[in-house]
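Listed below are the residues making up each chain.
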Amino acid sequence: MTETKKKKKKTASKNKRISNPRENGGQFDNPDYYFNRELSWLDFNLRCIDNAYDMTNPLLEQINFLAIASSNLDEFFMVRVSGVYDQFLANVEVSENKTCQTPEELLENISQRNHRNVTKQYKRYHELMALLPNTGYQMKSIDELSTSEKAEIDYYFKTLLLPTLSPLGIDAYRPFPHLVNKVLNIMVKLEKDGEEHRAILPIPQLIERYFIIEGQVNTIVLVEDIIIHHLDRIFEGYEVVAAYPFRITRNADFSIVEDGASDLLVLIEDYVKQRKNGMAVRIEIDRSRLMNFSEQNLTYLQEVFELEENAVYLIDGPLDLTFLFALREEIGEDNPQFLFDKHIPFLNPQHLGDSLFTQAKDHDIFLHHPYDSFDPVVNLIAYAAQDPQTIAIKQTLYRVSRNSPIISALKTAAENGKEVTVLVELKARFDEENNVYWAKELEEAGCHVLYGVSELKTHSKISLVIRKEDNKIQPYLHLGTGNYNDKTAKIYTDMGLFTTHPGLTDDSTNFFNYLSGYSSLPDYKHLHVSPFAIRDSLMDYIDEEIAYQKQYSNGRIIAKMNSLTDLPLIQKLYEASQAGISIDLIVRGICCLKPGISGISDNIRVRSIVGRFLEHSRVYYFNHNGDKHLFLSSADMMTRNMIKRVEIEFPILDKDIEADIVDYLELQLADNMKARELQVNGDYIRPVIIEDKKINSQEILIERASQRQKDLDERLAKEKQSHKIRLSKLNPARDNQTKQSKPQEASLMKRFLDWLRSL
């Protein structure tokens, strides 16, 4: 360990909480009134793991939740734990402004809670692997294979694995190698002529994680098991004493300093390279291989990477369970009965092509994904790209799919002479490389590409299509709570709105002009735009609700979001609770607000729903003595969304749409299958099921979407038949012509819909 780092750690360990920095503040400044953000996130990941125990989920979906938890945890360490560790090394006294823990205390608490989670996760992993043969697949170690199976493994190793491996010896002439973030490695202990040697064998990232031996029951063998079994072929002339797989996670939480940067594109590319070399913050070791290793051997990696003991995880099973994503897909192809039933989103053909413009001019159109198809959103841009009446397209992009049909449509639009302006947020964490690539592609196609706003992330979801109709300019606006990503739209719940409301379209035009040019901050009439304005609007509406409560005693607030961390908003909600307002919060992930504190948050209830789809929409509802105000937003009640991002909050002005969304919120509040209710002690418990009435809000919405599709198809079929009969009475000859053209029309429509889905 370096002397500098040793000194920092020694000093940090002596730090004590000298005083609460808010103890002279207001009535809500008690740290006991809050949950810590990092620990609350770990509780969310535990709820993901709990879904692997939920027998109402099919077997392969239970396995999938284990993979989700592992993927989540990697990012948590790369970003959140790394930030706390940086504070620890910098001798910061208080890690955060709510529970006021020191970095040292918080790191220890994170370690304890996460070790609890990981233990539960791997317990379920082994239980599910024992059930896997029900699918026609089984997981086996090398020792459990038959002679013929071992021969197949030997051939696979010799022909496909061995040529790709590069063993790295460690000695005075070959220092400890730089290891890639999140990549599996094998630590090998060797002996020759009485001398001990060490080597590391990185497993190439592009190698499949497992090999399948086909048979009456297909056998899965992990690649690390195959390699360890054949180490004597790699280290010929040496005795392999022992070996174990390990994996490191590196700090990816680097600040992007934009001041003075002449080209943000180049800066981001350099930043991505820098992130690959971040300091290690976690070591994972497969302890099932450790029988021949002493404690000294285990601490070797800890010393090399200069980590505390609480950053070392001895895992009872294979590392990096994200390989289960691919396994679920592969087994599920032959065994759909072990997956969720296929969901086909509701799609109204009148929300495609030119008819979308006709419909949007007549009334606002609300879409709730993935219950409603994302095709109309993609088609808005795809159709506009070819539409001779479309003059300009403006759009923000934060995270898009790898082969995004929206990107393709924007490029086509520019090539067709449309004025296309696209803000591509280059600072979208872990999507930087993808977004840099798309920014270059769009520029080459002739689009005007903006790289975001200095020192802020543009997280808003907005598209504007400008058409010329009857010698007038007609804008068509789409606003949403989620990304323009056709892939995640199938598994994330989000809401979107098509509208031609003049107030909203005028605000949106001003929004884009502000982003792309030089102008003062617009005076928005309907939109609230962060930084700051969304928080201000929410605070104002809560204050108004408090006033209505004092006058009419019918105060009601419902808020749905991903996470709740913003201190001013939490304290304002406490104030509303004290005024007697009934407050329901649906917070899928982090919640720093503590409900049920006597005299503080008695009237606040918090629930989290973790189910088949990732709850991602943000909805804010205020009763206002029955006048009702409802907003959708790209922003959570998080400090970063309030002051460090460009976000949009927009009102729902159509009363029918408002009623539908309020009905949806009430359905989620009635959920007693996938919901968990947050207690004052931090536990999340399942709601009581009354009279065996089981309510799974997501499944109910799937059923409703299916019924809506059935009803629409029947109505359209009747209308078509009625129209056909009328035409037949007016012109019998034309009826014969219609019959002949029917197959051609159906074929054209099918080809059009197939084209949309292929995008």
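Just so it is clear, the model here is predicted, and its values are computed rather than measured. (Residues numbered from 1 in each chain as written. Predicted model: local features only at pLDDT ≥ 70, side-chain atom pairs only at ≥ 80, totals over all residues. Heavy atoms only, no water.)

### Thoughts on the overall build of the protein
Looking only at helices and strands, the protein features 21 helices and 28 strands. Burial statistics for the protein: of 759 residues in total, 55% are counted as buried. Considering only intrachain contacts with a sequence separation of at least 6, the fraction spanning at least 24 residues in the protein is 75%. A total accessible area of about 34600 Å² is found for the protein, and carbon and sulfur atoms account for 48% of it. (Helix = DSSP H or I, 4+ residues; strand = E, 2+ residues; numbered from the N terminus. Buried < 20%, exposed > 50% of the residue type's maximum accessible area, 1.4 Å probe, protein only. Contact = heavy atoms within 4.5 Å. Areas by Shrake-Rupley, 256 points an atom, 1.4 Å probe, with all protein chains shown as cover.)

### Focus on unusual backbone geometry
Of note, the amide linkage connecting His 369 to Pro 370 takes the cis form, showing an omega dihedral of 0°. Residue placement: Pro 370 occurs in the loop between β10 (365–369) and α12 (375–386). Of note, the bond from Ser 530 into Pro 531 is cis; its omega dihedral lies within 30 degrees of zero at 15°. Inspection of the secondary structure puts Pro 531 in the loop between β18 (528–529) and α16 (533–552). Even without glycine at this site, Asn 471 takes up a positive phi of about 60°. Within the secondary structure layout, Asn 471 lies in the loop between β15 (462–469) and β16 (472–480).

### Focus on the nonpolar core
Ranked by internal contacts, the top residues of the largest apolar core, which has 129 residues, are Ile 227, Leu 324, Leu 564, Tyr 574, Leu 585 and Leu 593. Ignoring sequence-local partners within four residues, the contact set of Leu 324 consists of Ile 63, Leu 66, Ala 67, Tyr 125 and Met 129. By size, the runner-up hydrophobic cluster in this structure holds 44 residues, among which are Met 495, Phe 511, Leu 630 and Phe 650. (Core = buried A, V, L, I, M, F, W, Y, C linked by side-chain atoms within 4.5 Å.)

### So, the layout of surface pockets
The volume enclosed by the second largest pocket comes to roughly 610 Å³. Taken together, 23 residues form the lining of the second largest pocket, with Phe 366, Leu 367, Asp 372, Asp 660 and Arg 708 sitting closest to its centre. Those elements that provide at least two residues to the lining of the second largest pocket are β10, α19 (655–670) and α20 (697–730). With six residues, α19 is the largest single contributor of residues to the lining of the second largest pocket. Classifying every residue of the lining of the second largest pocket gives 10 nonpolar, five polar and eight charged. (1 Å grid on protein atoms, 1.4 Å probe; cavity = no way out; pocket = protein on both sides within 12 Å on 5 of 7 lines; lining within 4 Å. Points joined across faces, edges and corners; volume = space filled by probe spheres on them. Nonpolar A, V, L, I, M, F, W, Y, C, P; charged D, E, K, R; others polar.)

### As for the confidence of the model for the protein
Looking at the protein as a whole, its pLDDT mean stands at 89, while 88% of the residues score no less than 70. Confidence drops under a pLDDT of 50 for residues 1–24, and excluding neighbours within four residues, the segment shows 44 contacts in the predicted structure. (pLDDT = per-residue confidence, 0-100.)

### Side note on a negative patch on the surface
On the surface, a cluster of negative charge is made up of Glu 208, Glu 330, Glu 333 and Asp 334. Among the secondary structure elements, Asp 334 is positioned in helix α10 (residues 323–334). Owing to a relative accessible area of 56%, Asp 334 belongs among the exposed residues under this scheme. (Patch = residues over 30% accessible without salt bridge, like charges linked within 9 Å, V, L, I, M, F, W, Y side chains within 5 Å. Salt bridge = Lys/Arg side-chain N within 4 Å of Asp/Glu carboxyl O. Lys, Arg positive; Asp, Glu negative; His and termini not counted. Charge placed at Lys NZ, Arg CZ, Asp CG, Glu CD.)

### Considerations on the environment of Ile 557
Summarising the element assignment, Ile 557 is placed in strand β19 (residues 556–561). Looking at Ile 557, the relative accessible area reads 3%, which means it is buried. As for Ile 557 and Phe 622, which are separated by 65 residues in sequence, their C-alpha atoms are 4.9 Å apart. If near-sequence neighbours (up to four positions away) are discounted, Ile 557 is found in contact with Ile 542, Glu 545, Ile 581, Ser 582, Ile 583, Asp 584, Tyr 621 and Phe 622.

### Side note on helix α13 (residues 405–415)
Every buried residue of α13 is accounted for by Pro 405, Ile 406, Ile 407, Ala 409, Leu 410, Ala 413 and Ala 414. Where α13 is buried, its residues meet α12, β11 (390–397), β12 (419–424) and α14 (432–445). The backbone nitrogen of Ile 406 lies 3.2 Å from a side-chain oxygen of the residue at the head of α13, namely Ser 404. Just beyond α13, the residue with positive phi is Gly 417, at close to 90°. (Polar contact = N/O pair within 3.5 Å; in protein donor to acceptor, adjacent residues only side chain to side chain.)

### A word on empty space enclosed by the protein
All chains considered together, the criterion is met by eight cavities of 30 Å³ or more. Taken as a whole, the largest cavity spans an internal volume of roughly 130 Å³. Taken together, Phe 77, Val 81, Tyr 85, Leu 107, Ile 110, Ser 111, Val 281, Leu 307, Glu 308, Asn 310, Ala 311 and Tyr 313 make up the full set of residues lining the largest cavity. Mapped by element, the contributors of at least two residues to the lining of the largest cavity are α3 (59–89) and α4 (103–131).

### Focus on the packing of aromatic side chains
Per the counting criterion, the structure on display carries 21 aromatic pairs. When the centroid spacing of 6.2 Å and the interplanar angle of 70° are considered together, the rings of Trp 41 and Phe 44 count as edge-to-face. Of this pair, Trp 41 and Phe 44 both sit in helix α2 (residues 37–51), three residues apart, which is roughly one turn of that helix. Phe 44 gets classed as buried once you look at its relative accessible area, which sits at 5%. Put simply, the rings of Trp 41, Phe 44, Phe 76, Phe 77 and Tyr 313 touch in pairs and so form one group of aromatic residues. (Phe/Tyr/Trp six-rings, centres within 6.5 Å; stacked < 30°, edge-to-face > 60°.)

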